[in-house]
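# Close look at the chain arrangement
Chain by chain, the residues:
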Amino acid sequence: MMIVKQKFETGQRNFVFGHQKGEPVTNGILNGPGAGLLLSILRNGQARTRAELVQLTGLSRSTVSQRIDALLIRRLILPAEDATPSGGRPATAFLFNRRANVALAADLGVTHARLAVTDLGGEILADRNADLSIDRGPESTLGWVLDTFRELLAVSGHTLHDVCGAGIGLPGPVDHESGQAINPPVMPGWDRFPVRDWMSARIGVPVLVDNDVNIMALGEHWAMRPGVDHLMFVKVGTGIGCGIIAGGQLHRGDRGAAGDIGHIRVPTMDQMQCRCGNIGCLEAVASGGALAARLRDLGLETADTRDVVRLVKEGNTKAVHLVRQSGREIGGVLASVVSFFNPAAVVIGGDLAEAGDHLLAGVREMVYGRSLPLATQRLSIRASELGDRAGVIGAAVTVIEHFLAPEVVDQIIAV
């Protein structure tokens, strides 16, 4: 028997697969690529006919038709409006149906939250931004999240029946596998609270939980693709954190602690006490919370990062100077990290990034001046493209990629 092996890029991930032509079907499933693989091919937005899918996969026409029919029943694909000519009777082409289901997304920060309902293409259908203190505790906070999800579903014309999953970002260290925050310094009462299980039991769908900076990195990568496979997203707000995309995939590290640059020591700042208990941490020196405290000491009314940004936009020279110096301190740490990791892009986001070019200028000054020339030759240092939507889009992306993974699709439709 002839072995067919192919490799191709779907726009989401690369697949290598092989099967023997004519091999038997067991329990209705061919021992080879399933309907999930066909869906992955169609997710790039290009309509494909059955004949094209046969050519791409090497599957028999009858098997492709079986997979297509299963995806049509589940409404994960739809016939394209325009038929594709094939030399005789027009052949029907099929497209991915972005509106087959919706994802719920929540980006919870220290002092505010953004929630959204998106389609399977990551487009926001309804969202809400609200002031919400994370220190009110897990059950109170998550109860509000549940109520808001229901309201947003109603606004978008959907119900829980349409939801394929929920993604939640938390402002602290998260064990992604268990869906729990682990010793979070700014989340009293949240340590090891079962966020994933608590939420899933109440909405009846899979819930994925991650650090807020990780989901922001995913959101920015989603907006940039294709073309950027190595990216660092730096959030500068009340604290400082970094999400890492390596080889197109989120890098969490062994225990989910990768990217915690906020607690890298700045040697010249040994007098600065950090809330983690150490001294001289970057977060204690350059975060929005640290700048707000320093401006208060100078007699200015700055309760939080947003007040710092307000002063910068008003042209306050003290605030402008501190934000520019904050960028230099962050850039000093990033210079070493850039030489080590060699990303294609460093994206700066978070509340303090709203202060404009002052923060970016400080970062660029240090990174381009101190990192290895080869590491910065094509390096782009830019402001967040998505702004405060990066977190909810990234949270939705975690759900979408999980739900539409080929092996999960195969289980859902049980072809």
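Shown above is the structure to which this text applies.
In short, a report on the structure. (Residues numbered from 1 in each chain as written. Predicted model: local features only at pLDDT ≥ 70, side-chain atom pairs only at ≥ 80, totals over all residues. Heavy atoms only, no water.)

## Notes on the overall build of the chain
Definition in use: Here a helix means four or more residues in a row that DSSP labels H or I, a strand means two or more in a row labelled E, and each is numbered from the N terminus. Residue burial is assigned from relative accessible area. The probe radius is 1.4 Å, only protein chains are included, and a residue is buried under 20% of its type maximum, exposed over 50%, and partly exposed in between. In what follows, residue pairs with any heavy atoms lying within 4.5 Å of each other are defined as contacts. Accessible surface is estimated by sampling points in the Shrake-Rupley manner with a 1.4 Å probe; for residues, cover comes only from the protein chains shown.
Along the chain, the regular secondary structure elements total 14 helices and 19 strands. Buried residues in the chain amount to 51% of all 415 residues. Taking contacts inside the chain between residues at least 6 apart in sequence as the whole, the part at least 24 apart equals 60%. Carbon and sulfur atoms form 50% of the exposed surface of the chain, whose accessible area is close to 18600 Å².

## Considering the packing of helix H1 (residues 35-42) against helix H14 (residues 406-413)
This is how the line gets drawn: To define axes, lines are fitted to C-alpha atoms, for helices over the stretch in contact only, and angles between the resulting N-to-C directions are given on a 0 to 180 degree scale. Oblique is the label for any angle not under 35 degrees, not over 145, and not in the 65 to 115 range, which are roughly parallel, roughly antiparallel and roughly perpendicular in turn. Crossing handedness is defined as follows: a turn of the near helix away from the far one that is anticlockwise and smaller than a right angle gives a left-handed crossing, while the clockwise case is right-handed. Asp, Glu, Lys and Arg are counted as charged, while Ala, Val, Leu, Ile, Met, Phe, Trp, Tyr, Cys and Pro are counted as nonpolar; the rest, among them Gly, fall into the polar class.
Between H1 and H14, the shortest axis-to-axis distance is 7 Å and the interhelical angle comes to 125°. With respect to their mutual orientation, H1 and H14 come out oblique. Note on packing geometry: the crossing formed by H1 with H14 is right-handed. Residues Ala-35, Gly-36, Leu-37, Leu-39 and Ser-40 of H1 form the contact with H14, whose own contacting residues are Pro-406, Val-409, Asp-410 and Ile-413. Each residue belonging to the contact of H1 with H14 can be placed in one class, and the counts come to six nonpolar, two polar and one charged.

## A short note on the nonpolar core
Side chains of nonpolar character tend, in soluble globular proteins, to be buried together. In plain terms, the rule: We define a nonpolar core as any set of buried Ala, Val, Leu, Ile, Met, Phe, Trp, Tyr and Cys residues linked to one another through side-chain atoms lying within 4.5 Å.
Val-234, Ile-330, Leu-334, Val-346 and Ile-348 are the most contacted members of the largest nonpolar core, which totals 38 residues. At the level of elements, strand S15 (231-236), strand S16 (240-246), helix H7 (282-286), helix H8 (288-297), helix H9 (305-313), helix H10 (317-341), strand S18 (345-349) and helix H11 (357-370) are the ones that each hand at least two residues to this core. Looking at this core element by element, the count peaks at seven residues for H10. Residue contacts for Leu-334: discarding those within four places in its chain leaves Met-232, Val-234, Ile-261, Val-346, Ile-348, Val-363 and Val-367. Residues Leu-104, Leu-108, Ala-113 and Leu-132 belong to the second largest nonpolar core, which totals 33 residues.

## Some details on the sheet that holds strand S7 (residues 93-96)
Put simply, the test is: Strand pairing follows a simple DSSP-based rule, namely that at least 2 bridges must link the two strands.
Sheet architecture is open: three strands sit in the order S5-S7-S6, paired in antiparallel fashion. Both edges of this open sheet fall to strand S5 (48-49) and strand S6 (77-79), since each of them pairs with a single strand only. Relative to S7, S5 runs antiparallel, the two being bridged by two bridges. Bridge pairing links Thr-49 to Ala-93 in S7.

## A few points about the environment of Thr-49
Mapped onto the secondary structure, Thr-49 falls in strand S5. Residues Thr-49 and Leu-95, spaced 46 residues apart in sequence, show a C-alpha to C-alpha distance of 9.3 Å.

## Topic: the packing of aromatic side chains
This is how the line gets drawn: Between rings of Phe, Tyr and Trp, where Trp is taken as its six-membered ring, a pair exists when centres lie within 6.5 Å; planes separated by under 30 degrees are stacked, by over 60 edge-to-face, and by other angles tilted. Only lysine NZ and arginine CZ atoms are considered, and such an atom sits over a ring when it is within 6 Å of the ring centre and within 35 degrees of the ring normal.
Summed over the entire model, instances satisfying the criterion amount to one aromatic pair. Above the plane of the ring of Trp-198 lies Arg-202, whose end atom (NZ or CZ) is 3.8 Å from the centre.

## Concerning the pairing of S7
Pairing of S6 with S7, which is carried by three bridges, proceeds in the antiparallel orientation. Paired with Leu-78 across the strands is Leu-95, a residue of S7.

## Structural notes on the environment of Thr-376
In this structure, Thr-376 sits in helix H12 (residues 373-376). Given the relative accessible area of 13%, Thr-376 is considered buried. Linking Thr-376 and Ala-345, residues 31 residues apart in sequence, is a C-alpha distance of 9.5 Å. Those residues in contact with Thr-376, other than ones at most four positions away along the chain, are Val-338, Val-367, Tyr-368 and Ser-371.

Purely geometric numbers; function is a separate question.
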